[in-house]
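Read off the chains here:
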There are 2 protein chains.
Amino acid sequence: MSARYAVLTGGVGGAKLVDGLYRQLPENSLTAIVNTGDDFRHFGLPISPDIDTLLYTLSGKSNSELGWGREGETWNFMAALKSLGGEDWFNLGDGDLALHVLRAAAFAAGEPLSVIIARFASAWNLQLSILPMSDNPVATWVDTDGGLLPFQSYFVEHQCSPKVKAVHFEGAAEAVPASGVVEAIMESEAVFIAPSNPWLSVDPLLSIDEIRTALQETPAPVVAVSPLIQGKAVKGPTAKLMGELGLETSNQSIASHYGTWLDAMVVHGKDTAPANLPVSRTDTLMTSSKDRERVAEAALQLAKEIAA
Amino acid sequence: MSARYAVLTGGVGGAKLVDGLYRQLPENSLTAIVNTGDDFRHFGLPISPDIDTLLYTLSGKSNSELGWGREGETWNFMAALKSLGGEDWFNLGDGDLALHVLRAAAFAAGEPLSVIIARFASAWNLQLSILPMSDNPVATWVDTDGGLLPFQSYFVEHQCSPKVKAVHFEGAAEAVPASGVVEAIMESEAVFIAPSNPWLSVDPLLSIDEIRTALQETPAPVVAVSPLIQGKAVKGPTAKLMGELGLETSNQSIASHYGTWLDAMVVHGKDTAPANLPVSRTDTLMTSSKDRERVAEAALQLAKEIAA
């Protein structure tokens, strides 16, 4: 069997690294294990923001202007919804709705999320394995100075403005990894942690005991790509949240947070490296496809070096 | 209290008469009692075709070109659905989805259809009462030479091509009229039967005992507008279906089918009138708003005359 690779990922930045790895690696050698802590129901429709972002990114459908959703999206559903007095704090695009409506029907028929996502990925000819971290519900709650908020309420409705005191993962203790998740971590040539928000997008994955244990026990090198660029996040609340948690917004803080299972880190340009951790340096800002391939290549190369 | 009027209605042709009555009558004097036998779930979303057609027609949103759905509709949901391998025999427009998604959420919250529809009508500033015939499920099944088919399968998927042997209304025996339906029939100045398909769109209403009894017992004149124009239906399978049921496609057949509770009929031009029934004649083809008002006015006038 040819070499396999695994990547743990969350939102938009994570999807870009997965896209770079997908472009660099042979077909069907990559497994993306995706955060589902942001998943929620809206009007009864099950939304999986991080999985859907990944599906759109890898199939070339993502909206580069908005940074989320589908390219060429239309908004007639939202307009009609508003005219009927429906809640409009969360935008659902017309084309985007297809994923949610089909997912709702498949859930109602008793299918687990992993099976549904595999079918979506196959319909769009994606030659990799996309796995939800778990088929069990795990919900990210953000404890803020404005109260305890479900993730989407914090992230979308309140635009990350409340101060974060802690983050909780409801259901994590009972959740088991989706079929194939532990195997992908244990049997890969290298395991990557995408440049997603460590506290909001990667921690949900780490909140599942068997995933954290697999990261500790895998013989493969575990390489993170830092989400920080000169102490700032490209997008989203990573730096703000680190400050609110009393942490220095540095690669050191992130390496310390991940702990001993982390073997190496790709850091941006001349950013300070974490102590006692092999690093490789590249421009980690991923705008073009070329950027994504460059960062993926740096991560692959670093994994190869420390495995040698 | 000012005079009230009621109209029993089904699909597109029915909605046009209701629109004419709505334009002719004072605000808040009309109650439209609508067929829900066509209602079904698609991808788990509850669709109420006849109610939705009425909502779109009365609020000026209906698609005059298609003859169903919303004007200016877009189809990105269906395109994405197809790309994901979803069933595509029933078209759901992007804007149209708002009604179904909000209805699904309201059903899940335990609201009855009548309450949901009243809220939709109010959101669109409609100054009439739109009532589903019942808050209980009644499903129209069409027994054909191609087997027993759910209504939408016969109507949309098979384009009315199978030969009809009989029509059944599942759940009718247990269904009770929605709150206000019987009162509207009993306490109105006049009750109208819209030019909808008598067997497919009006019979579901008549299949509910209390509605049929109210039509028999109401002191108000009951006036039907014939759906036939020179022995043909404007749209839909009325004439074809009458032939398959061994009936002459005539106003007489329709009057006989409705029975003794029918007091009068508006017929088209010089079409043959049913025996022993007062009729008034007008051009019943409703293309423009003016046409709708003319036919409504003829029906109102006929009711007035026979009540005198």
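Numbering of residues starts from 1 in every chain and runs along the sequence as written. Here every chain gets a letter starting at A, and every ligand a number starting at 1, in the order they are written. The predicted nature of this model means local features are confined to residues of pLDDT at least 70 and side-chain atom pairs, given and counted, to a pLDDT of 80 or more, with totals for whole chains, interfaces and linings taken over all residues. Excluding hydrogens and water, the side-chain figures rest on all heavy atoms present in the structure.

## Comments concerning the interface of chain A and chain B
Put simply, the rule reads: The contact definition used throughout considers only heavy atoms, calling two residues in contact when any of these lie within 4.5 Å. Here the quantity called buried area is the accessible surface, traced with a 1.4 Å probe, that two parts lose on coming together, added over both. Salt bridges are identified by distance alone: a Lys or Arg side-chain nitrogen within 4 Å of an Asp or Glu carboxyl oxygen. Counting from the N terminus, the helices are DSSP H or I runs at least four residues long and the strands are E runs at least two residues long.
Across the contact, 23 residues belong to chain A and 23 residues belong to chain B. Taken over both partners, the interface formed by chain A and chain B buries close to 2,000 Å², and the fraction arising from carbon and sulfur atoms is 76%. Three residues stand out in chain A for area buried against chain B, namely Leu84(A), Val101(A) and Leu102(A), and they jointly supply 29% of the buried area on that side. Taken together, the connections running from chain A to chain B amount to zero salt bridges. Elements supplying a minimum of two residues to the side of chain A that touches chain B: helix H3 (76–83), helix H4 (97–108) and helix H5 (113–123) of chain A. Here the element with the most residues in the side of chain A that touches chain B is H4(A); it accounts for six residues.

## Remarks on the sheet that holds strand S7 (residues 147–150) of chain B
Note: strands within a sheet are paired through backbone hydrogen bonds, in either parallel or antiparallel orientation. Residue and element names in this part refer to chain B. So the rule is basically this: Pairing between strands is defined by DSSP: at least two bridges between the two strands are required. Think of each axis as a best-fit line through the C-alpha atoms, taken over the contacting stretch in the case of a helix, with angles from 0 to 180 degrees between the N-to-C directions.
Strand order across the open sheet formed by three strands is S7-S6-S8, with antiparallel pairing between neighbours. Both edges of this open sheet fall to S7 and strand S8 (164–170), since each of them pairs with a single strand only. Adjacent strand axes in the sheet meet at a mean angle of 25°, parallel and antiparallel pairs treated alike. Sheet topology places strand S6 (residues 139–144) next to S7; four bridges connect them, and they run antiparallel. Looking at the pairing, Asp 143 lines up with Leu 148 of S7. Contacts from helix H8 (residues 198–206) reach S6 and S8, with the element oriented near 25° to S8.

## Focus on unusual backbone geometry
Residue and element names in this part refer to chain A. This is how it is decided: Three exposure classes are used, based on accessible area relative to the maximum for each residue type with a 1.4 Å probe and protein chains only: buried under 20%, partly exposed in between, and exposed over 50%.
The phi dihedral of Asn 125 falls on the positive side, at around 60°, and the residue is not glycine. You can see Asn 125 is positioned in the loop between H5 and strand S5 (129–132). Even without being glycine, Asn 276 reaches a positive phi, approximately 60°. Topologically, Asn 276 is positioned in the loop between strand S13 (264–268) and strand S14 (279–282). Its relative accessible area of 81% is what places Asn 276 among the exposed residues.

## Looking at the relation of the copies chain A and chain B
Put simply, the test is: A residue counts toward the fit only if its pLDDT is at least 70 in both copies, and the copies are then superposed by least squares on the C-alpha atoms of those residues.
Mapping chain A onto chain B calls for a rotation angle of 180° and an axial translation of 0.0 Å; the resulting RMSD is 0.0 Å. Both chain copies can therefore be described as sitting about a two-fold axis. When each C-alpha of chain A is compared by its distance to the rotation axis, Asp94(A) comes out closest, at 2.8 Å. The fraction of interface residues of chain A whose copies in chain B are also interface residues reaches 100%, indicating that both copies meet through the same surface.

## Section: a nonpolar patch on the surface
All names here are of chain A. Rules: Patch membership requires over 30% relative accessible area and the absence of a salt bridge. Like charges are linked within 9 Å, and nonpolar side chains (Val, Leu, Ile, Met, Phe, Trp, Tyr) within 5 Å. Exposure was quantified through the Shrake-Rupley algorithm and a 1.4 Å probe, taking into account, for residues, occlusion by the shown protein chains and nothing else.
A surface patch of nonpolar side chains, about 270 Å² in accessible area, is lined by Leu 66, Trp 68 and Trp 75. As for its position among the elements, Leu 66 is in the loop between helix H2 (49–58) and H3. The exposure class of Leu 66 is partly exposed, given its relative accessible area of 39%.

## With respect to helix H9 (residues 209–217) of chain B
Residue and element names in this part refer to chain B. Stated formally: Directions from the helix axis toward the C-beta atoms define the arc.
Taken together, the buried positions of H9 are occupied by Ile 211, Ala 214 and Leu 215. All buried residues of H9 project into a common sector of 100° when viewed along the axis, lining one side. Away from the buried face of H9 by more than 90 degrees, exposed residues Asp 209 and Glu 217 are located. Where H9 is buried, its residues contact strand S1 (5–9), helix H7 (181–186), strand S9 (190–193), H8 and strand S10 (222–225).

## Brief notes about the packing of helix H8 (residues 198–206) of chain A against helix H11 (residues 251–258) of chain A
Residue and element names in this part refer to chain A. Let me state the cut-off plainly: Here roughly perpendicular refers to angles of 65 to 115 degrees, roughly parallel to angles under 35, roughly antiparallel to angles over 145, and oblique to all remaining angles. Helix crossings fall into two classes, left-handed where the near helix is turned counterclockwise from the far one by less than a right angle and right-handed where it is turned clockwise. Nonpolar residues are Ala, Val, Leu, Ile, Met, Phe, Trp, Tyr, Cys and Pro. Charged residues are Asp, Glu, Lys and Arg, and all others, Gly as well, are polar.
Orientation of H8 relative to H11, taken along the N-to-C sense of each, is 15°, at an axis distance of 12 Å. Between H8 and H11, the angle falls in the class roughly parallel. For the pair H8 and H11, the sense of crossing is right-handed. Where H8 approaches H11, its residues Pro 198, Trp 199, Val 202, Asp 203 and Leu 206 are matched on the opposing element by Ile 254, His 257 and Tyr 258. Its residues placed into classes, the contact of H8 with H11 shows six nonpolar, one polar and one charged.

Just distances and angles here, no functional claims.
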